[in-house]
Amino acid sequence: MQVAALSSVSFGAEPDSTANARASRVSEMLDSLVTNTYFQDDRFSPGQRGGGSNSNYLPKEFIPQFSDSVYASRIAALARNSQFNLVYNEHVRGYIRVYAVDKRKFVSKVLGLTHIYFPLFDESFRKYGIPPEMKNLAIVESALNPTAVSRAGARGLWQFMSGTGKMYGLHSSSFVEDRYDPSKATVAASEHLRDLHDMFGDWFLALAAYNAGPGAVQRAIRKAGGARDYWEIWPYLPQETRGYVPAFIAVTYVMNYYREHNIRPAQPGYLYSETARVPVNQSLTFEQLNETLGVTMDDLKFLNPQYKAGLIPAPESRPNMMRLPKQYIRPFLEKERDIYAYKPEMVAEKARLYAMVREADRRDDVISSGRGRKVHVVRKRETLSSLARKYGCSVSQIIDWNNLKSSKLRSGQRLVVFKAGGDSSRSKASSRKLDRKKGKSKSKSFLDSGKKKGKKGGAVNKRKSSAKKSSGKGRHKK
């Protein structure tokens, strides 16, 4: 094994792959940890609350550098136990340089944040059959910043664009942003990744489609003569997507070998195991919780970033969920009625404004899409997600329209949906009947989203929420 101290000022002429990696969105997302209040240095500690020991670390100033053969052998070892075809090449090397050298201080914070978010990801991935390594994708997407926003408007841990978020039931308004909700967004990402894997039959192609859209990947496959290997279609993918999988491989490497790179996890204020969610049955403000329980406003904002205005709205069909440090769970449950009744003026005005916004959103949903009412009889194996894609609406809308208490559907169940009109809608509905198991497109509108070439980060916006018909043209980048 070859290892040496790395100087930050003399590394020789860097290859184009390293320069591209430094200029990529990866660096932008890592830098976002600097500007977010909750990720300031004073909110992290050098301790090992998540496990491990400091004894194996070298002096902080020492930055190890390894030979290509060492990187290749380590990644090959990871590949032997992975569903991903992990490889080492110059593109991967460039991103290893970013994570292990250029941005190592931020990576130390990301390592600490994994103790908050990775357990949540693991729970969802087990349910949806997603490989556990896929949780590293959230590091590429957002550096585990739950309120990360890209230049094109993608938001949250999983960087959903607004249209894609709506396809998977993520509601967005000036009061509530479900893309910021770690739990809801992780479920949506799990469903989206599963759908993409069903379409392409390969996890690297699913990753590429998550970034550039299924249509872009399909075109790259055609240009590569039908090849379905990521590295064979690589030259035909959008520029940013060419670095997307290499960045994922580099993150997977660093998450497993950060000790060898002398990167020490900086521990955040809370671990996932030290928090829990509780249902909220009436409108409630952060101020009420702060003044009655003593939970700091910063903690409430960090643990519940989806409530942008500090209001947890009254539930419509099911309780809204709130995450609290565990030491406040019992006091909340014991004093719940008193907390709701405390200074009602705190919540009344916010609740009134929220109701106005919610009603306007519902009217816009109906007016903007020219919907016609339809009764759908649920068939075997159909889900809320598949029906949302079929009718061009969101899961939350189907729940609202039918006042559903559960997301589980039963064969023969009758649901009211509002289907978009027009010939193009009929052709889209017809194309959705294609067999998913054959790796073909389930939805023309789903595939056409890839025609919006590239995007700087996560899931592609499959359709504009305000458009009556998807034109399949234009670029939607994160």
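Residue numbers here run from 1 along each chain, matching the order of that chain's written sequence. Owing to the predicted nature of the model, reporting of local features is limited to residues with pLDDT of at least 70; listing and counting of side-chain atom pairs is limited to 80 or more, with chain, interface and lining totals taken over all residues. As a rule here, side-chain values cover all heavy atoms of the structure and leave hydrogens and water aside.

*Asks:* What is the right way to read the overall build of the protein from this model?
*Replies:* A run of DSSP states H or I qualifies as a helix once it reaches four residues; a run of E qualifies as a strand once it reaches two. Both are numbered from the N-terminal end. Helix and strand content of the protein: 20 helices and eight strands. Expressed as a percentage of its 478 residues, the buried residues of the protein come to 54%. Put simply, of all contacts in the protein between residues at least 6 apart along the chain, 72% involve residues at least 24 apart. Here the Shrake-Rupley method, with its probe set to 1.4 Å, supplies the accessible areas, and only the displayed protein chains count as covering residues. Total accessible area on the protein is roughly 21,100 Å²; 50% of this is exposed by carbon and sulfur atoms. Whether a residue is buried, partly exposed or exposed follows from its accessible area with a 1.4 Å probe, protein chains only, as a fraction of its type maximum: under 20%, in between, or over 50%, in that order. Here, residues are in contact when the closest pair of their heavy atoms is within 4.5 Å.

*Asks:* Quick question: what am I supposed to make of the packing of aromatic side chains here?
*Replies:* Centre-to-centre distance and the angle between the planes together describe a pair of aromatic rings. We call Phe, Tyr and Trp rings a pair once their centres come within 6.5 Å, taking the six-membered ring for Trp, and we label the pair stacked below 30 degrees between planes, edge-to-face above 60, and tilted otherwise. This model, assessed by the stated rule, comprises 18 aromatic pairs. Relative to Phe-302, the ring of Phe-39 has its centre 5.9 Å away and its plane inclined at 85°; by these criteria the two rings are edge-to-face. Of this pair, Phe-39 sits in the loop between helix H2 (25-35) and strand E2 (64-66) while Phe-302 sits in helix H14 (residues 297-303); the two residues are 263 residues apart in sequence, bridging distant segments of the chain. A residue is classified by how much of its surface remains accessible, and Phe-39, at 1% relative accessible area, is buried. Given a relative accessible area of 7%, Phe-302 falls into the buried group. An aromatic cluster of at least three residues, connected via ring pairs, comprises Phe-84, Trp-203, Phe-204, Tyr-230, Trp-231 and Phe-248. We call a charge positioned over a ring when the NZ of a Lys or the CZ of an Arg lies within 6 Å of the ring centre and within 35 degrees of the ring normal. Geometry around Phe-66 places Arg-74 over its ring, the cationic atom sitting 4.1 Å from the centre. Positioned above the aromatic ring of Trp-234, the side-chain terminus of Arg-242 is 5.6 Å from the ring centre.

*Asks:* For this particular structure, what's the right way to read the pattern of salt bridges?
*Replies:* A side chain with one charge may pair with a side chain of the opposite charge, provided their charged atoms come close. What counts as a salt bridge is simple: a side-chain nitrogen of Lys or Arg found within 4 Å of a carboxyl oxygen of Asp or Glu. With the rule as written, the count across this model stands at 11 salt bridges. For Asp-178, the salt bridge is made with Lys-184, and the minimal N-O distance between the two is 3.5 Å. Here Glu-349 makes a salt bridge to Arg-352, at a shortest N to O gap of 2.7 Å. Taken as a pair, Glu-349 and Arg-352 lie in helix H16 (residues 345-369) at a separation of three residues, close to a single helical turn. Of the residues examined, Glu-349 reaches a relative accessible area of 40% and is grouped as partly exposed.

*Asks:* Would you mind showing me how to read the nonpolar core here?
*Replies:* We call a set of buried residues a nonpolar core when its members are Ala, Val, Leu, Ile, Met, Phe, Trp, Tyr or Cys and they connect through side-chain atoms within 4.5 Å of each other. Counting 89 residues, the largest nonpolar core has Tyr-99, Phe-121, Leu-144 and Trp-158 as the members making the most contacts within it. Per-element accounting of this core gives the leading share, 12 residues, to helix H5 (residues 104-128). Apart from residues lying up to four places away in sequence, Leu-144 is in contact with Phe-39, Val-110, Leu-113, Thr-114, Tyr-117, Phe-118, Phe-121, Ala-138, Ile-139 and Leu-157. If you look at the next biggest cluster of nonpolar residues, it comprises 22 residues, including Val-176, Leu-284, Ile-329 and Tyr-340.

*Asks:* When you look at the environment of Val-176 in this model, what are you seeing that I'm missing?
*Replies:* One can find Val-176 in the loop between helix H7 (162-167) and helix H8 (182-200). Measuring from C-alpha to C-alpha, the distance between Val-176 and Pro-305 comes to 8.9 Å, with 129 residues separating the pair along the chain. Not counting residues within four places of it along the chain, the set of residues in contact with Val-176 comprises His-171, Gln-306, Tyr-307, Pro-313 and Tyr-354.

*Asks:* Help me understand the packing of H5 against H8, please; the structure alone is not making it clear to me.
*Replies:* To define axes, lines are fitted to C-alpha atoms, for helices over the stretch in contact only, and angles between the resulting N-to-C directions are given on a 0 to 180 degree scale. Contact pair H5 / H8: the axes reach a minimum separation of 9 Å and the direction vectors enclose 40°. Comparing their axes, H8 and H5 come out oblique. In the crossing of H5 with H8, the sense of the turn from one axis to the other is right-handed. Residues Tyr-117, Leu-120, Phe-121, Ser-124, Phe-125 and Tyr-128 of H5 lie in contact with H8, whose contacting residues are Pro-182, Ser-183, Thr-186, Val-187, Ser-190, Glu-191 and Arg-194. When its residues are assigned to classes, the contact of H5 with H8 shows seven nonpolar, four polar and two charged. Oblique is the label for any angle not under 35 degrees, not over 145, and not in the 65 to 115 range, which are roughly parallel, roughly antiparallel and roughly perpendicular in turn. The hand of a helix crossing depends on one turn: near helix anticlockwise from the far one by less than a right angle means left-handed, and clockwise means right-handed. Classification convention: Asp, Glu, Lys, Arg as charged; Ala, Val, Leu, Ile, Met, Phe, Trp, Tyr, Cys, Pro as nonpolar; all other residues, Gly among them, as polar.

*Asks:* When you look at the pairing of strand E6 (residues 320-325) in this model, what are you seeing that I'm missing?
*Replies:* Each regular strand shows side chains that alternate between the opposite faces of the sheet. In terms of burial, E6 is a largely internal element, five of the six residues being buried. Being paired, for any two strands, means DSSP has found at least two bridges between them. The sheet contact formed by strand E3 (residues 275-280) and E6 spans six bridges and is antiparallel. Its bridge partner lying in E6, Val-280 is registered against Asn-320.

*Asks:* What is the right way to look at helix H4 (residues 90-102) in this model?
*Replies:* Side chains that are three or four residues apart share a direction in an α-helix, a result of its 3.6 residues per turn. The end-to-end C-alpha distance of H4, which contains 13 residues, comes to 17 Å, matching closely the 18 Å that a straight helix rising 1.5 Å per residue would cover. Where H4 is concerned, the buried positions are Val-92, Gly-94, Tyr-95, Ile-96, Arg-97, Val-98, Tyr-99, Ala-100 and Val-101. As used in this structure description, the phrase polar contact means that two N or O atoms lie within 3.5 Å; if the pair is within protein, one of them must be able to donate a hydrogen and the other to accept it, and residues adjacent in sequence are counted only when both atoms belong to side chains. Backbone nitrogen of His-91 and a side-chain oxygen of the N-cap are separated by 3.0 Å at the start of H4; the cap is Asn-89. By this rule, a helix spans an expected 1.5 Å times one less than how many residues it contains.

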